[in-house]
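Here's the letter readout for the chains.
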Protein chains: 2
Amino acid sequence: MSENKITYIKNENVKEKPASDQLSFGKYFTDHMFIQDYTPDKGWHNARIKPYEPLILDPAAIVFHYGQTVFEGLKAYRTEDNTIQLFRPDKNMERLNHSNDRLCIPQIDEEFAIDAIKQLVEIDQDWVPNAPGTSLYIRPFIISTEPYLGVAPSANYQFIVILSPVGAYYAEGINPVKIAVENQFVRAVKGGTGEAKTAGNYASSLKAQEQVASEGYAQVLWLDGVEKKYIEEVGSMNVFFKVNGEVITPELNGSILEGVTRNSVIELLKSWDIPVTERKITMQELNDHYEKGELEEAFGSGTAAVISPVGELAWEGKKMVINNGDTGEIAKRLYDVLTGIQYGKENDPFDWLVKVK
Amino acid sequence: MSENKITYIKNENVKEKPASDQLSFGKYFTDHMFIQDYTPDKGWHNARIKPYEPLILDPAAIVFHYGQTVFEGLKAYRTEDNTIQLFRPDKNMERLNHSNDRLCIPQIDEEFAIDAIKQLVEIDQDWVPNAPGTSLYIRPFIISTEPYLGVAPSANYQFIVILSPVGAYYAEGINPVKIAVENQFVRAVKGGTGEAKTAGNYASSLKAQEQVASEGYAQVLWLDGVEKKYIEEVGSMNVFFKVNGEVITPELNGSILEGVTRNSVIELLKSWDIPVTERKITMQELNDHYEKGELEEAFGSGTAAVISPVGELAWEGKKMVINNGDTGEIAKRLYDVLTGIQYGKENDPFDWLVKVK
Ligand SMILES: Cc1ncc(COP(=O)(O)O)c(C=O)c1O
Ligand SMILES: Cc1ncc(COP(=O)(O)O)c(C=O)c1O
């Protein structure tokens, strides 16, 4: 399994690349993909990098019916000296296996997977854009392929990695967003699949997202599914609040996704001697701090945006304007340092980067 | 949209059919499938019945990543005079649209879909088995096909129907199963997707199912995700309890799937003047009735098994043996009458059947 042999079938028919300043998110895909099969007798085998092309799947494949699937998201960055580097891919592969466990999908070899990603990105390195803030988004995912309509874990799987050049999240510099607290829909609950990165959590979120978007909000802030009191996370980001000089983020509780960016933010804050606490926090408590003028900053953390300041939070008909709707000091510093590390402009004191070539 | 035009491409390469007594569930598929496309400009279009064959999908198709998909399950039965008939297909198409709404998938034309199913089953009518208790399982499903990694509803979809001849659920007559109450995992929660028939609910259930199976239980009994007190449903069945002569089933609360069989059971019981109540019921209450000798029967209801008596219920280390582990009187009567109606041996006083030909 861990013998590092990947067959390479070159794409002789490469696509035209979109201009670096015309990229959005997840719309364009590169010339190659990685794919590996799983069968009960052979385990994971037949690793190959081949032309990006459609999957051919039986209509009864379990993934279509029972959603037995997991995924990851990370990025490759191009530095000024044209190094291409990944940010903490070990964390993503660790989380992928954590998700696999919840979804009854066989474990992958994490080191081998990182190596496969490196080889794939190297082959498609010309697709890593160079305009400021752009990057190559990497989407590893595993799907269940057995054609069987019984509700049971699949016998067979495919582990696939596709690549997508993505634009700068903030076209005009880091900019606060408006977020609405979700009171009706629930994304995940303890005992469910919230801490796994799996399709169903996102399917469940579409309707809430659609509703708040129509009211002018960028994303929803999810509350816990049990009491609808405790703050969990934002759409596809974890969330942080600065209250009286202390940075607070909801503790991992089984229904929150453990973000790689979240973990990196905590490490950085600690290294800066800024107090940071992982604990339960209710919307009511947050509101009380806000009323007393103690809510100094709010921001999300995630691979796509890195840091996303929250300028306005809507809750039960009330609009909480945070830091006058401007980017806070800590959010700005985290954004600058994290992107600085990712693009090789800053030191990498934690050894977070993995060079592709 | 509702002009009833379905292109037919005949499969010239038909498969050999498995023997009627060697069928299990969801393993064999017939010679043809129905498929229809959705695009924002054309709506649902290009309805066709064509040879059963693999789907060809971009690896970035939304269904693989965010699970935007819904499905249904119903059956076609062969009667003694070789009529082929569907059981309440209108209910399934109504529920499909209900699921569509929750998953931000465009509504389908229910009547047209029933017609498509009838045409497909008629074409593959030789696949409807005739051994006692066998039937043709019909699986309509909709998948999101747009290649896009943003978390948003897909622009494009495919509505597909596949058919699978299935064996008798009870090879040796109706037989009670052992069920374990699930205390750790949660299938669905109010505000989530529990009342929709969508992949994520089933993905979430795999791990719990695997655990109880290893302890000798057929399925899990799900409790509510909030308080883990209230009884919801069993794996892929709704659940009923007979207590002191009254039949009780958990009321629809937003996280329980509204079963077609559940609805049919309630109608039948009412027509027989047997008291039937839809209400909240906790495991504690059920246990109290059990202790007092008042729990007379327990059974599940679903398309696959029709009625599945529960002979043993495991809860917090305790084993509740119900009706001495035998099939109860009401479960037996419901099973006989429902299957009698489905196979055309009994009158159909509620007009539940739709003839295929
Ligand atoms: C639900 C959810 N929470 C949090 C995150 C942030 O995780 P990470 O920092 O690893 O990107 C993501 C996305 O990646 C997510 O989908
Ligand atoms: C979760 C769940 N509950 C209940 C049912 C029973 O519904 P129906 O009677 O329509 O088959 C099913 C299966 O069909 C199911 O998947």
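Computed from a predicted model, the values in this text were never measured in an experiment. (Residues numbered from 1 in each chain as written. Chains lettered and ligands numbered in written order. Predicted model: local features only at pLDDT ≥ 70, side-chain atom pairs only at ≥ 80, totals over all residues. Heavy atoms only, no water.)

Notes on the relation of the copies chain B and chain A
Right, on to step 1. In screw terms, the move from chain B to chain A is a rotation of 180 degrees and a rise of 0.0 Å along the axis, fitting with an RMSD of 0.0 Å. The superposition operator between the copies reduces to a two-fold rotation axis. Residue Gly-200 of chain B, judged by its C-alpha, is the member of chain B lying nearest the rotation axis, at 1.9 Å.
Right, on to step 2. Mapped onto chain A, 100% of the interface residues of chain B again fall at the interface, so both copies present the same surface. (Least-squares fit on C-alpha atoms with pLDDT ≥ 70 in both. Contact = heavy atoms within 4.5 Å.)

Re the packing of aromatic side chains
Think of a pair of aromatic rings as described by two things: how far the centres are apart, and how the planes are tilted against each other in angle.
Right, on to step 1. In the structure shown here, the tally under the stated rule is 29 aromatic pairs over all chains.
Right, on to step 2. When the ring of Phe-64 of chain A is compared with that of Phe-64 of chain B, the centres are 5.8 Å apart and the planes differ by 40 degrees; the resulting orientation is tilted. Within this pair, whereas Phe-64 of chain A is found in helix H1 (residues 62–66), its partner Phe-64 of chain B is found in helix H1 (residues 62–66), the two belonging to separate chains.
Right, on to step 3. For Phe-64 of chain A, a relative accessible area of 0% translates into the label buried.
Right, on to step 4. With a centroid separation of 5.2 Å and an interplanar angle of 10 degrees, the aromatic rings of Phe-240 of chain B and Phe-299 of chain B are classed as stacked. Here Phe-240 of chain B, found in strand S13 (residues 238–243), pairs with Phe-299 of chain B, found in strand S16 (residues 295–302); they are 59 residues apart in sequence, far enough to count as distant.
Right, on to step 5. An aromatic cluster is defined as three or more aromatic residues linked by ring pairs; in this entry it consists of Phe-34, Tyr-38, Trp-44, Tyr-157 and Phe-159 of chain A.
Right, on to step 6. Of note, Arg-333 of chain A hangs over the ring of Trp-272 of chain A, and the distance from its end group to the ring centre comes to 3.8 Å. (Phe/Tyr/Trp six-rings, centres within 6.5 Å; stacked < 30°, edge-to-face > 60°. Helix = DSSP H or I, 4+ residues; strand = E, 2+ residues; numbered from the N terminus. Buried < 20%, exposed > 50% of the residue type's maximum accessible area, 1.4 Å probe, protein only. Lys NZ or Arg CZ within 6 Å of the ring centre and 35° of its normal.)

Some remarks on the domain arrangement of chain A
All names here are of chain A.
Right, on to step 1. The domains assigned to chain A are domain 1 (6–166) and domain 2 (177–342).
Right, on to step 2. Here the C-alpha centroids of domain 1 and domain 2 sit 27 Å apart.
Right, on to step 3. Contacts between domain 1 and domain 2 engage 20 residues on the former and 20 residues on the latter.
Right, on to step 4. Across the domain 1/domain 2 interface, buried area totals approximately 1800 Å², and carbon plus sulfur atoms make up 56% of it.
Right, on to step 5. Sorting the residues of domain 1 by area buried against domain 2 places Phe-71, Phe-87 and Arg-95 first, and these three jointly supply 33% of that buried surface.
Right, on to step 6. Taken together, the connections running from domain 1 to domain 2 amount to zero salt bridges.
Right, on to step 7. There are twelve residue pairs in polar contact (both at pLDDT 80 or more) connecting domain 1 and domain 2.
Right, on to step 8. Only strand S5 (69–71), strand S6 (74–78), strand S7 (84–87) and helix H2 (89–102) provide two or more residues apiece to the side of domain 1 that touches domain 2.
Right, on to step 9. It is H2 that contributes the most residues to the side of domain 1 that touches domain 2, six residues altogether.
Right, on to step 10. Considered class by class, the residues forming the side of domain 1 that touches domain 2 number seven nonpolar, seven polar and six charged. (Domains from an automatic or database assignment. Buried area = accessible area lost by both parts, 1.4 Å probe. Salt bridge = Lys/Arg side-chain N within 4 Å of Asp/Glu carboxyl O. Polar contact = N/O pair within 3.5 Å; in protein donor to acceptor, adjacent residues only side chain to side chain. Nonpolar A, V, L, I, M, F, W, Y, C, P; charged D, E, K, R; others polar.)

A short note on the nonpolar core
Across soluble globular proteins, you tend to see nonpolar side chains buried next to one another.
Right, on to step 1. Within the largest apolar cluster, 50 residues are counted, with the highest numbers of intra-cluster contacts made by Met-283 and Leu-313 of chain B.
Right, on to step 2. Excluding residues that lie within four positions of it along the chain, Leu-313 of chain B makes contacts with Ile-179, Val-181, Leu-221, Phe-241, Met-283, Leu-286, Lys-318, Lys-319, Met-320 and Ile-322 of chain B.
Right, on to step 3. Ranked by size, the runner-up nonpolar core spans 49 residues in total, among them Ile-231, Leu-313, Tyr-335 and Trp-352 of chain A. (Core = buried A, V, L, I, M, F, W, Y, C linked by side-chain atoms within 4.5 Å.)

A closer look at the pairing of strand S13 (residues 238–243) of chain A
Residue and element names in this part refer to chain A.
Right, on to step 1. Counting buried positions over the six residues of S13 gives six, a clear majority of the element.
Right, on to step 2. The side-chain alternation of S13 yields two buried faces, one formed by Asn-238, Phe-240 and Lys-242 and the other by Val-239, Phe-241 and Val-243.
Right, on to step 3. With six bridges joining them, S13 and strand S16 (residues 295–302) adopt antiparallel strand pairing. The residue of S16 that forms the bridge with Val-243 is Leu-295.
Right, on to step 4. Here three bridges tie S13 to strand S14 (residues 246–249), and the two strands are oriented antiparallel to one another. (Pairing = 2+ DSSP bridges.)

Remarks on the site of ligand 1
Residues and elements named next belong to chain A.
Right, on to step 1. Around ligand 1, a shell composed of 16 residues is seen, among which Tyr-202, Glu-233, Val-260, Thr-261 and Thr-303 lie nearest.
Right, on to step 2. One of the side-chain nitrogen or oxygen atoms of Lys-197 is found 3.1 Å away from an oxygen atom of ligand 1.
Right, on to step 3. Between Tyr-202 and ligand 1, the recorded distance is 2.5 Å, taken from a side-chain N or O atom to an oxygen atom.
Right, on to step 4. When isolated, ligand 1 has an accessible area of 380 Å², and the protein chains bury 96% of it.
Right, on to step 5. Put simply, the parts of the chain that give the shell around ligand 1 at least two residues each are helix H5 (260–271) and S16.
Right, on to step 6. Split into classes, the residues belonging to the shell around ligand 1 amount to four nonpolar, eight polar and four charged. (Near = heavy atom within 4 Å. Areas by Shrake-Rupley, 256 points an atom, 1.4 Å probe, with all protein chains shown as cover.)

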